[in-house]
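What follows is the residue order along each chain.
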Amino acid sequence: MYDMDDIGDYDLLVVGSANADLVVGVERRPAAGETVLGTDLTVHPGGKGANQAVAAARLGARTALLARVGDDAHGRLLLDSQRAAGVDTGGVRVGGAPTGVALITVDPSGDNSIVVSPGANARLTPADIRAADELLGRARVVSLQLEIPLDTVAEVARTLPPGARLVLNPSPPAPLPADVLAVCDPLVVNEHEACFILGAEEAGATPEEWARALLALGPRSVVITLGAQGALVADGEAGGLDHVASPKVEAVDTTGAGDAFTAALAWRLGLGESLSQAAVYAVRVGAAAVTRKGAQEAFPTAEEAGSL
């Protein structure tokens with residue numbers, strides 16, 4: 001059990017990536033060796049870690065970010081975005097490599113191709129985690145993704161303060177060590193991530209089968225996001241499965257919706273809600289996020305999420 005009254009200046013500490021998203025619209029994506037003309041370049045703050053921190057802070061969570069950016073214009077863009085949302089950026093390390101960037105081409109149908117240069121994200125090391133032990137000790141919940149080195153993720157799992165809770169979204173998916181899985185509460189995955197972790201041939205055919213198989217790998221709880229169908233909650237301690245329906249909305253852009261969901265879920269867990277209660281709130285936040293274009297600029301306030 002978690003006693004949230006005994007810990008935490010921060011409702012949520014996000015340890016993860018911060019990228020500048022460089023986006024160009026194209027009539028069609030180029031073939032090998034081909035050049036095509038596109039629209040004017042637009043630059044947006046992104047990265048799964050930075051997205052989660054902004055999403056949580058916009059909802060009203062006391063949020064901090066532990067990440068690494070370059071000493072460059074993209075790094076300043078990302079820091080400005082975090083601070084404007086109310087995120088504590090004292091844990092953001094600056095320098096060591098250029099800020100990570102995602103190079104994105106988008107065709108008229110909305111399909112995209114993305115190349116990510118991790119840059120400074122790849123330089124967020126276990127030593128950085130150890131140096132931030134005071135920051136970690138002030139967090140009720142710590143949220144992680146896999147756009148930073150896996151050994152850095154493992155260091156967070158190993159040094160998680162007593163009483164704190166760890167939420168992990170394994171995206172992009174990668175094999176997870178048993179000691180990391182053992183402290184996930186919950187492991188948050190979509191269909192693709194669930195099937196990757198389980199192996200396509202062993203995953204089963206339904207979210208219920210995925211959830212039970214994932215629990216068998218060792219996490220304390222599992223949440224499977226199902227897009228417009230909401231989410232499936234599997235709590236290893238409470239037992240049983242709970243399907244959480246999503247409000248019906250007209251989706252405009254699903255970019256960042258998973259980050260908004262995970263941030264909202266982690267925040268509400270930090271407030272002491274049950275996993276199912278937190279998931280009910282999180283699906284509303286995720287649904288609100290898809291009703292506008294973009295990622296961070298589309299994340300809702302608590303009032304906007306509550307209006308659905």
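This part covers the pairing of strand β10 (residues 184-189). With respect to burial, β10 is a largely interior element, 6 of its 6 residues being buried. By the bridge criterion, 2 bridges tie strand β9 (residues 165-168) to β10 in an arrangement that is parallel. Its bridge partner lying in β10, L168 is registered against L187. Bridge analysis of β10 against strand β11 (residues 221-225) gives 3 bridges, and the strand direction is parallel.

The mixed open sheet is built from 4 strands, whose spatial order is β3-β2-β6-β7. A strand with exactly one partner marks an edge of an open sheet, and here the two such strands are β3 (42-46) and β7 (112-117). Taken pair by pair, the neighbouring strands of this sheet meet at an average axis angle of 25 degrees, ignoring direction. In this sheet, β3 lies alongside strand β2 (residues 19-25) in antiparallel orientation, the contact comprising 5 bridges. By the bridge assignment, A20 is partnered in β3 with P45. Those strands touched by helix α2 (residues 73-85) are β2, β3 and β6 (100-106), and its axis lies near 55 degrees from that of β3.

Moving on, we come to α2. If you check α2, its first and last C-alpha atoms are 19 Å apart, about what 13 residues at 1.5 Å a residue would give, namely 18 Å. Check the buried side of α2 and you find it contacts β2, β3, α1 (48-59), β4 (63-69) and β5 (88-94). Looking one or two residues past α2, G86 carries a phi angle of roughly 100 degrees, positive in sign.

Attention shifts here to the packing of aromatic side chains. Enumeration over the complete set of coordinates arrives at 1 aromatic pair. Pairing W267 with Y281 gives two aromatic rings, centres 5.9 Å apart and planes at 70 degrees, and the pair type is edge-to-face. Here W267, found in helix α9 (residues 257-270), pairs with Y281, found in helix α10 (residues 275-289); they are 14 residues apart in sequence, far enough to count as distant. Taking the relative accessible area as the measure of exposure, W267 reaches 8% and is therefore buried. In this structure, R268 packs its charged tip against the face of W267, placed 5.0 Å from the ring centre. Lying over the aromatic face of Y281, R268 brings its terminal NZ or CZ to 4.2 Å of the ring centre.

Attention now moves to the packing of α1 against α2. Packed helix pairs are characterised by how far apart their axes lie and by the angle those axes make with each other. α2 packs onto α1 with a crossing angle of 20 degrees between their chain directions and a minimal axis gap of 8 Å. When the axis of α1 is compared with that of α2, the two are roughly parallel. Here α1 runs over α2; the crossing is left-handed. Across from A50, A53, V54, A57 and R58 in α1, the residues of α2 making contact are S81, Q82 and A85. In terms of residue class, the contact of α1 with α2 is built from 5 nonpolar, 2 polar and 1 charged.

Rules used throughout
- Residues numbered from 1 in each chain as written.
- Predicted model: local features only at pLDDT ≥ 70, side-chain atom pairs only at ≥ 80, totals over all residues.
- Heavy atoms only, no water.
- Buried < 20%, exposed > 50% of the residue type's maximum accessible area, 1.4 Å probe, protein only.
- Helix = DSSP H or I, 4+ residues; strand = E, 2+ residues; numbered from the N terminus.
- Pairing = 2+ DSSP bridges.
- Axes fitted to C-alpha atoms, helices over the stretch in contact; angles between N-to-C directions.
- Contact = heavy atoms within 4.5 Å.
- Expected span 1.5 Å × (residues − 1).
- Phe/Tyr/Trp six-rings, centres within 6.5 Å; stacked < 30°, edge-to-face > 60°.
- Lys NZ or Arg CZ within 6 Å of the ring centre and 35° of its normal.
- Parallel < 35°, antiparallel > 145°, perpendicular 65-115°, else oblique.
- Left-handed = near helix turned anticlockwise from the far one by under 90°.
- Nonpolar A, V, L, I, M, F, W, Y, C, P; charged D, E, K, R; others polar.

So, to be careful, I would describe these as geometric facts and stop short of saying anything about function.
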